Amino acid sequence: MKTWLKKPLFWVLALGLVAGLVYWKSTSNLSPSEQAGLENNASISGTIKGAGGLDLILEAPSDKGVITVAQTTIESDGSFELQTNLPGLGIYNLKLADLNGSMLTLPLQAHDHLVITSKLNDYQTKSKLTGVKWATSYQRYMDATQDFVAVQNDIQRNHRKWDQRDIELRYRHAKATYEGLCMKLINASPSSPLNILLSMSLIPTTGFEDWNDQYLGTFKVMADAYAKTYAGQSAATNMQQQYSQLENAYFDYISMNNGSISAPEIALPTPSGRILKLLSLKGSYVLIDFWSSWCAPCKAEMPNVIKLYNTYKNKGLTVFSVSLDEDPAKWKAAIQSWGMTWPNHVSDLKGWNSSLPQTYGFDGIPYTVLLNKEGKIIGTNLRGTRLEEKLESLFVDK
């Protein structure tokens, strides 16, 4: 059976987008010795107080690994200067050889003369940049990044004992705020070198479920601007390719969630050995829930599924639980002990050797697929507040 949802391909795409934005292929892969004889056309200078005696290394991430482009030892008073040759726009890491491996990720190009003022302990978070047009935006980006990280740390510690819904809502709000700033900065200056970094924050590395489709327009504006400003450079070519890949992936996702695609049939044994077919549930909204008794996240999510089933079962919702268990006793015991009271439970007891992960395109559980009454797919990978909100939108007036 042909796989209808190519989620593994999506993960490759997401990783490829990130890699493509970072690893610009150019002659910046030349080592310092290979650069001998090339005229210096860019510089980084400044002061890092308290860093005297430490090495400062400019590195270029590439498809061949990290290449050292330039290196110097910081003077006793904290001053330094790096001279180098940069053939085109690219991402570079300016690494401080301290015990923490502190590093700034910078978009640099020929004729940049960047000045950095900082203190050793603040190098990675509070360095002041001047000498490039994007310096002010870079600081806003760094401040927003630190704020977003702080929120995530606060959520992880959870000293205030938020419940799961509050945690999800707080994270989503913080993420939207952070991404919103990145989008605003890109739209304000579409050809800015900084957009290589900013755009990474808009790539949907965990799926399109919470993705703001306005970002697609931002990627298009940026790709067009790069094509004009950096014509002939890898930066422009890669940005256009990545926009096209992202556009194709997003519209593939939309087509797989708008009720235009039928769910592949599932016909497997129930705990009693009777074959139950997914198609037999047409006429109801069906939440296909891929799970297993050994899956801790599945167990954590199950109370939410149970609550929503009980809320909407009389309005036309049912659950079709497909287990990736291999031990029939553990499968049956979990159904009872977890309180999964709906009647639709099936498994081929093959675990990850089952054909269903490939057919339905998932590589982790819990994983859900929501069907309308005609058996068409109207949602994927919904759980927590996303699942709650989706079902509320379907049943609120019923």
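Procedures and definitions
- Counting restarts for each chain, with residues numbered from 1 along the sequence as it is written.
- Reporting of local features is limited, given that this is a predicted model, to residues whose pLDDT is at least 70; pairs of side-chain atoms are given and counted only at 80 or more, and all residues count toward the totals for whole chains, interfaces and linings.
- Think of the side-chain values as coming from all heavy atoms in the structure, minus any hydrogens and water.
- Numbering of helices and strands starts at the N terminus; helices are DSSP runs of H or I of at least 4 residues and strands are runs of E of at least 2.
- Three labels apply to residues, based on accessible area from a 1.4 Å probe with only protein chains included: buried if under 20% of the type maximum, exposed if over 50%, partly exposed otherwise in between.
- Two residues qualify as a contact provided that any one of their heavy atoms is within 4.5 Å of a heavy atom in the partner residue.
- We get accessible surface area from the Shrake-Rupley algorithm with a probe of 1.4 Å; when it comes to residues, only the shown protein chains can shield them.
- Aromatic pairing here means that ring centres of Phe, Tyr or Trp (its six-membered ring) are within 6.5 Å. Orientation follows from the plane angle: under 30 degrees is stacked, over 60 is edge-to-face, and everything else is tilted.
- Strands were regarded as paired on the criterion that DSSP finds at least two bridges between them.
- Axis angles are defined between N-to-C directions and span 0 to 180 degrees, where every axis is a line fitted to C-alpha atoms and, for a helix, only to the segment in contact.
- In what follows, a disulfide is any cysteine sulfur pair within 2.5 Å.
- On a scale of 0 to 100, pLDDT captures the predictor's confidence in every residue.

A. Examining the overall build of the chain more closely. From N to C terminus, the chain includes 11 helices and 15 strands. Here the chain, with 398 residues, has 49% of them falling under the buried criterion. Of the contacts made within the chain by residues no fewer than 6 positions apart, 67% connect residues no fewer than 24 positions apart. Carbon and sulfur atoms form 51% of the exposed surface of the chain, whose accessible area is close to 19000 Å².

B. Structural context of the packing of aromatic side chains. Summed over all chains, the structure comprises 21 aromatic pairs. Pairing Phe148 with Tyr178 gives two aromatic rings, centres 5.0 Å apart and planes at 25°, and the pair type is stacked. Residue Phe148 is found in helix H3 (residues 135-157), and its partner Tyr178 is found in helix H4 (residues 164-188); the two are separated by 30 residues along the sequence. Taking the relative accessible area as the measure of exposure, Phe148 reaches 13% and is therefore buried. The structure contains a cluster of three or more aromatic residues connected by ring pairs, namely Phe208, Trp211, Tyr215, Tyr250, Phe251 and Tyr253.

C. Just the sheet that holds strand E3 (residues 65-73), in detail. Strands sit in the order E3-E2-E5-E6 across an open sheet of 4 strands; the sheet is antiparallel. Each end of this open sheet is capped by a strand with a single partner; those strands are E3 and strand E6 (103-108). Strand-to-strand twist across the sheet, computed as the mean angle between neighbouring axes with direction ignored, equals 25°.

D. Broad picture of the state of the cysteines. The tally for this structure, following the rule as stated, stands at 1 disulfide. Note that Cys295 is cross-linked by a disulfide to Cys298, the S-S spacing being 2.3 Å. Since a negative S-S torsion denotes a left-handed disulfide, the Cys295-Cys298 link at about 80° is right-handed. Cys298 matches Cys295 in its accessibility class, with the two residues each being buried.

E. Local environment of the side chain of Ser62. Within the secondary structure layout, Ser62 lies in strand E2 (residues 55-62). Look at Ser62 and you get buried, because its relative accessible area is 6%.

F. Molecular detail of the confidence of the model for the chain. Per-residue confidence for the chain gives a mean pLDDT of 90; residues scoring 70 or more make up 90%. Taken as a whole, residues 1-31 scores under 50 in pLDDT and shows 87 contacts with residues more than four places along the chain or in a different chain.

G. Fine view of unusual backbone geometry. Here the amide bond leading from Ile365 into Pro366 is cis, since omega sits at 5°, within 30 degrees of zero. Even without a glycine there, the phi angle at His111 is positive, about 75°. Mapped onto the fold, His111 is located in the loop between E6 and strand E7 (113-119). Look at His111 and you get exposed, because its relative accessible area is 61%. The phi dihedral of Lys161 falls on the positive side, at around 60°, and the residue is not glycine. Along the chain, the position of Lys161 falls in the loop between H3 and H4. Here Lys161 falls in the exposed class, since its relative accessible area comes to 70%.

H. Structural detail: the pairing of strand E15 (residues 377-380). Relative to E15, strand E14 (residues 367-371) is paired through 3 bridges, and the arrangement is antiparallel. Note that in E15 the partner of Val369 across the bridge is Thr380. In this structure, the hairpin formed by E14 and E15 is closed by a connection of 5 residues, where Gly375 is found at a positive phi of approximately 80°.

I. Up close: the environment of Val305. Turning to its location among the elements, Val305 is positioned in helix H8 (residues 296-312). Along the sequence, Val305 and Ala135 sit 170 residues apart, while their C-alpha atoms lie 48 Å from each other. Once residues within four sequence positions are removed from consideration, Val305 is found in contact with Leu287, Asp289, Val319 and Trp342.

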